[in-house]
Amino acid sequence: MKKKILGLAIVAMAATLIVGGTYAYLQSQTIEKTNSFTMASGITGEIAEPFWDGETFTGETLETNPLNNTGKTAATNYAPTDVIAKNPMVKNTSKGTEGYVAVKITYGKDITNYTQLSTFADIDFNTEKWSFNTDKTVAYYKTELAAGQKTEPVFTKVTIKKEADETTMKNFDITVKGFICQTDVKGFDTPQAALDEVFGAELTN
């Protein structure tokens, strides 16, 4: 995604002068100027959801989970009114490249979108910091992410509705995959447009 720029050196040519039928060479050399161009190291990212599995970003301290349990444990035998912790975030681990971020969300084999899940569960999607497609399967972070920064969580918990029962509840898996691209993708005015162009069907289908 990052254009590679080769190093370039400019050297002045020596002048020659013919005088009175004999060849006299006036000589001079300039100091050499080397113009070095170094490629960016690329763009990299990391995804973590510490409230789900108790693991956070590399080199960071784990935050206190306000629900006092890991969602991974709570989800193994869920029931009506249960609140299951899950807080996916993406970090730009690049050395100096700003990035646009998106995540792709899947809900399992039996449930393909949030509308189906919402018959028995609610997810507190962060619509202030993220924008979502209509079926809540793709989310785009609204602002660029500087190197070393992380996003706000896409959501923080899954709540099973109190009126859910065996006829409405289903087994489900919420999988979140992160995508990040450099911000200077030319010709696109929004993070969504740039991310859709760079990743195409891998992100949107």
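Please refer to the structure higher up on the page.
These figures come from a predicted structure and were not determined experimentally.

Attention shifts here to the pairing of strand S11 (residues 138–141). Across the two faces of S11 the burial is the same, with Val138 and Tyr140 and Ala139 and Tyr141 all buried. Bridging between strand S8 (residues 99–106) and S11 involves three bridges; their strand directions are antiparallel. Paired with lysine 104 across the bridge in S11 is valine 138. Pairing of strand S10 (residues 130–132) with S11 involves three bridges; the strand directions are antiparallel. Residue pairing in the sheet places tryptophan 130 in a bridge with tyrosine 141 of S11. In this antiparallel pair of consecutive strands, S10 and S11, the connection spans five residues, and lysine 136 shows a positive phi of 60°.

So, about the sheet that holds strand S9 (residues 121–123). With antiparallel pairing, the three strands of this open sheet are ordered in space as S6-S12-S9. Looking at strand neighbours, the two that pair on one side only are strand S6 (83–85) and S9, the edges of this open sheet. Neighbour-to-neighbour, the strand axes of the sheet open up by a mean angle of 20°, direction not taken into account. Two elements, S6 and strand S12 (residues 157–160), share three bridges in a ladder whose sense is antiparallel. Paired with isoleucine 84 across the two strands is valine 158, which belongs to S12.

With that settled, consider the nonpolar core. Formed by 30 residues in total, the largest nonpolar core has its most connected members in Tyr107, Leu117, Phe120, Ile123, Phe172 and Ile174. Elements represented by at least two residues in this core include exactly S8, helix H3 (114–117), S9, S10, S11, S12 and strand S13 (175–182). Looking at which element gives the most residues to this core, the answer is S8, with three residues. The contact partners of leucine 117, leaving out residues within four places of it in the chain, are Tyr107, Ile111, Ile123, Phe172 and Ile174. Counting 11 residues, the second largest nonpolar core, distinct from the first, contains Ala102, Tyr140, Ala194 and Leu203.

All right, on to the layout of surface pockets then. Considering only enclosed or pocket space, the largest pocket measures out at about 270 Å³ in volume. For the lining of the largest pocket, the per-class residue count stands at seven nonpolar, four polar and three charged.

Pairing is antiparallel in the open sheet, where four strands are placed in the order S10-S11-S8-S13. The sheet is open, and its two edges are formed by S10 and S13, each paired on a single side. Going across the sheet, the axis of each strand differs from the next one's by a mean of 25°, ignoring polarity. The pairing of S8 with S13 spans eight bridges and is classified as antiparallel. Residue pairing in the sheet places valine 103 in a bridge with glycine 178 of S13. Packing against the sheet, helix H4 (residues 191–199) makes contact with S8, S11 and S13, and its axis sits at approximately 100° to S13.

Turning to the pattern of salt bridges, a few remarks are in order. By the definition in use, this model includes seven salt bridges. In this structure, glutamate 63 engages lysine 150 in a salt bridge whose closest nitrogen and oxygen atoms are separated by 3.8 Å. Taken as a pair, glutamate 63 in the loop between helix H1 (50–53) and helix H2 (71–74) and lysine 150 in the loop between S11 and S12 lie far apart in primary sequence, 87 residues in all. Here aspartate 124 and lysine 157 are joined by a salt bridge, their closest N and O atoms 3.5 Å apart. Taken together, the positions of aspartate 124 in the loop between S9 and S10 and lysine 157 in strand S12 put the pair 33 residues apart, joining distant regions of the chain. Here the residues in one salt-bridge network are Glu60, Glu63, Lys91 and Lys150, joined through shared partners.

The rules behind the values
- Residues numbered from 1 in each chain as written.
- Predicted model: local features only at pLDDT ≥ 70, side-chain atom pairs only at ≥ 80, totals over all residues.
- Heavy atoms only, no water.
- Buried < 20%, exposed > 50% of the residue type's maximum accessible area, 1.4 Å probe, protein only.
- Helix = DSSP H or I, 4+ residues; strand = E, 2+ residues; numbered from the N terminus.
- Pairing = 2+ DSSP bridges.
- Axes fitted to C-alpha atoms, helices over the stretch in contact; angles between N-to-C directions.
- Core = buried A, V, L, I, M, F, W, Y, C linked by side-chain atoms within 4.5 Å.
- Contact = heavy atoms within 4.5 Å.
- 1 Å grid on protein atoms, 1.4 Å probe; cavity = no way out; pocket = protein on both sides within 12 Å on 5 of 7 lines; lining within 4 Å.
- Points joined across faces, edges and corners; volume = space filled by probe spheres on them.
- Nonpolar A, V, L, I, M, F, W, Y, C, P; charged D, E, K, R; others polar.
- Salt bridge = Lys/Arg side-chain N within 4 Å of Asp/Glu carboxyl O.

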